[in-house]
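Survey of secondary and tertiary structure
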Amino acid sequence: MRADDPEGHGADPVTMGRWTLKRVEDAFTGFFGRVKRGLKPGFPRFKPASRWSSFGLLEATGLRHEGDRIRLKGFGRPIRLNHDRPLPSDAKILGVTFTRKGRHWFVCITVKTSEVVATTPPAGEAVGGDLGVEALLTLSTGERIPNVRPSSRREREIRVSRRALARCRKGSNRRRKIKARLARQLQAVANTRDQYLHRVSARLTREHSLVMLEDLRIRNMTRSAAGTVDEPGANVRQKRGLNRSILDAGWGKLVQFVRYKATRAGGELICVDARGTSQECRQCGAVVPKPLSLRRHVCPCGLNEHRDVNSAGVIRDRGLAVKAASEGGQPLGGANVGRRAVRRPGTLLAA
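Note that this is a predicted model, so its numbers are computed, not measured.

Quick look at the overall build of the protein
Along the backbone of the protein there are eight helices and 13 strands. Dimensions of the protein along its principal axes, counting C-alpha atoms only, are 80 × 55 × 40 Å. Considering the protein as a whole, with its 351 residues, one finds that 32% of them fall into the buried category. Long-range contacts, defined here as pairs at least 24 residues apart, represent 57% of the contacts in the protein between residues at least 6 apart. Of the side-chain charges in the protein, 69 are positive and 32 negative, and the distance between the mean point of each set is 8 Å.

Listed below in structure tokens is the structure:
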């Protein structure tokens, strides 16, 4: 490929071509892996230039970092960087990835270093959390962290942009401008959501040494209920609205943020099986059936509180049981701390 186009891609760093080929290899490795596991395979699609928003170097060859500048082979002048944080003094660059988001470019630098960040484990008590739509997170302490709903706040302007984009002729300048406007709006929503989730996760890991959350299958929970022409679904409109609310809350990203922040702070995250947490009483352990419309948990033992607070308490107790069993060397079945596990009957899940 490089010999066929010596003045074009042949002049680029060879590691850039290897990075692209590695992306292709990863795509097909995932495809054949899904076929082997019996999942929906999803054959890798060709991406046009309009959807190819990143490139990188598989190795540091052809790249030199100089303070707030980075020099890349093939570029006539250095690229100025606004560092998120300084690189370690003994950092050895292993590879970089450049990504374009709207009108801005971001670079992710992978380094090897011997520096160790000293952490002091949080001194706070263990806490359980129930993820929801009404409130983003309800803690076992009784606190309810609100859901900011960033997508719902800008729903109207995003809908207007989508409709305008659908009316544009493909390849026109108007379509290019409206597409860029829509991308800025969606990026603003994503930035608002990420900023809020970072704050919530940072506070949780800073104040609590052990955090327990639900192990939810969000992809299954947000499946379409439309059905088929022969077998149409029921309550499709309500289910579609619920799916949007779940995705707007960002449950999966919150769990991801808490996981790596807890590890970095010297704490721990345990994700437990969520089935039955809203029906079980955290005080006596009895099962109290109730519909979703009933927002209070009233048990014959005398406990009367918000159902989400009760669920958070059940999640905390299950997580503590997993933690105690793991420290005592008892078999946990499908439960494993630190990674996702396959659930077996009668066991708790930990991730």
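Observations concerning the packing of aromatic side chains
As enumerated under the stated definition, the model contains eight aromatic pairs in all. Residues Phe 55 and Phe 98 carry aromatic rings whose centres are separated by 5.0 Å and whose planes lie at 15° to one another, so their mutual orientation is stacked. On the criterion of sequence distance, the pair formed by Phe 55 in strand β1 (residues 54-57) and Phe 98 in strand β5 (residues 92-101) is long-range, its members being 43 residues apart. Aromatic ring contacts, followed pair by pair, group Phe 28, Phe 31, Phe 32 and Phe 43 into a single cluster. Above the plane of the ring of Phe 106 lies Lys 101, whose end atom (NZ or CZ) is 5.5 Å from the centre. Here Lys 261 stacks its cationic end above the ring of Phe 257, 5.0 Å away from the centre of that ring.

Some details on helix α3 (residues 155-167)
Helix length check: α3, at 13 residues, gives a terminal C-alpha distance of 19 Å against a target of 18 Å (1.5 Å per residue), a fit within 8%. Where α3 is buried, its residues touch α4 (173-207).

Remarks on the sheet that holds strand β3 (residues 69-72)
Sheet architecture is open: three strands sit in the order β2-β3-β4, paired in antiparallel fashion. Both outer strands of the open sheet, β2 (63-66) and β4 (79-80), are each paired with one neighbouring strand and no more. Of the pairings in the sheet, the one linking β2 to β3 comprises four bridges and is antiparallel in character. Note that in β3 the partner of His 65 across the bridge is Ile 70.

Description of the confidence of the model for the protein
Per-residue confidence for the protein gives a mean pLDDT of 86, with 92% of residues at or over 70. pLDDT under 50 marks residues 331-351. Its contacts with residues more than four places away, or in other chains, come to 51 contacts.

What to know about empty space enclosed by the protein
Rolled over the atoms, a probe sized like a water molecule indicates the empty space that remains. Overall, the coordinates contain one cavity of 30 Å³ or more when judged by the stated rule. What the largest cavity holds in volume is close to 30 Å³. Forming the boundary of the largest cavity are Leu 136, Asn 147, Val 148, Pro 150, Arg 193, Tyr 196, Leu 197, Asp 248 and Ala 249. Of all elements in the fold, only α4 and α6 (236-249) reach the threshold of two or more residues within the lining of the largest cavity. The dominant element in the lining of the largest cavity, judged by the number of residues it contributes, is α4, at three residues. When grouped by side-chain class, the residues that make up the lining of the largest cavity number six nonpolar, one polar and two charged.

Focus: the layout of surface pockets
Counted as a void, the largest pocket has a volume near 1400 Å³. As for the largest pocket, its lining consists of 30 residues, of which His 83, Asp 84, Arg 85, Val 107 and Cys 108 are closest to the centre. The set of elements that each furnish at least two residues to the lining of the largest pocket consists of β4, β5, β6 (104-112) and α7 (251-265). By residue number, the principal contributor to the lining of the largest pocket is β6, which donates seven residues. Of the volumes computed, that of the second largest pocket is approximately 890 Å³. In terms of lining, the second largest pocket is formed by 25 residues, of which the most central are Met 16, Gly 17, Thr 20, Leu 21 and Trp 52. Sorting elements by how many residues they give to the lining of the second largest pocket places helix α1 (residues 14-36) first, with 10 residues.

Structural notes on the nonpolar core
In terms of nonpolar packing, the biggest core is built from 24 residues, with Leu 131, Leu 136, Leu 137, Leu 213, Trp 251, Leu 254 and Leu 269 touching the most fellow members. Those elements that place two or more of their residues in this core are β7 (127-131), β8 (135-139), α4, β10 (210-214), α6, α7 and β11 (268-272). Sequence-distant contacts of Leu 131, that is, excluding residues within four places in its chain, are made with Leu 136, Leu 137, Glu 214, Leu 216, Trp 251, Leu 254 and Val 255. Counting residues in hydrophobic clusters, the runner-up holds nine residues, among them Met 16, Leu 57, Leu 72 and Phe 98.

Some points on the UniProt feature "domain: Cas12f1-like TNB" (unreviewed entry) in the protein
When the UniProt feature table is mapped onto this chain, "domain: Cas12f1-like TNB" (unreviewed entry) is found at residues 251-315. In residues 251-315, helix accounts for 37% and strand for 17%; the two terminal C-alpha atoms are 16 Å from one another.

With respect to the packing of α4 against α7
Between α4 and α7, the shortest axis-to-axis distance is 9 Å and the interhelical angle comes to 40°. The orientation of α4 with respect to α7, classified from their angle, is oblique. At the point where α4 passes α7, the crossing takes the right-handed sense. Two secondary-structure elements touch here, α4 through Asp 194, Leu 197, His 198, Val 200, Ser 201, Ala 202, Leu 204 and Thr 205 and α7 through Lys 253, Leu 254, Phe 257, Val 258, Tyr 260, Lys 261, Ala 262 and Ala 265. Per-class residue counts for the contact of α4 with α7 are 10 nonpolar, three polar and three charged.

Cut-offs and rules
Residues numbered from 1 in each chain as written. Predicted model: local features only at pLDDT ≥ 70, side-chain atom pairs only at ≥ 80, totals over all residues. Heavy atoms only, no water. Helix = DSSP H or I, 4+ residues; strand = E, 2+ residues; numbered from the N terminus. Buried < 20%, exposed > 50% of the residue type's maximum accessible area, 1.4 Å probe, protein only. Contact = heavy atoms within 4.5 Å. Lys, Arg positive; Asp, Glu negative; His and termini not counted. Charge placed at Lys NZ, Arg CZ, Asp CG, Glu CD. Phe/Tyr/Trp six-rings, centres within 6.5 Å; stacked < 30°, edge-to-face > 60°. Lys NZ or Arg CZ within 6 Å of the ring centre and 35° of its normal. Expected span 1.5 Å × (residues − 1). Pairing = 2+ DSSP bridges. pLDDT = per-residue confidence, 0-100. 1 Å grid on protein atoms, 1.4 Å probe; cavity = no way out; pocket = protein on both sides within 12 Å on 5 of 7 lines; lining within 4 Å. Points joined across faces, edges and corners; volume = space filled by probe spheres on them. Nonpolar A, V, L, I, M, F, W, Y, C, P; charged D, E, K, R; others polar. Core = buried A, V, L, I, M, F, W, Y, C linked by side-chain atoms within 4.5 Å. UniProt positions renumbered as here; feature names shortened; annotations may be inferred. Axes fitted to C-alpha atoms, helices over the stretch in contact; angles between N-to-C directions. Parallel < 35°, antiparallel > 145°, perpendicular 65-115°, else oblique. Left-handed = near helix turned anticlockwise from the far one by under 90°.

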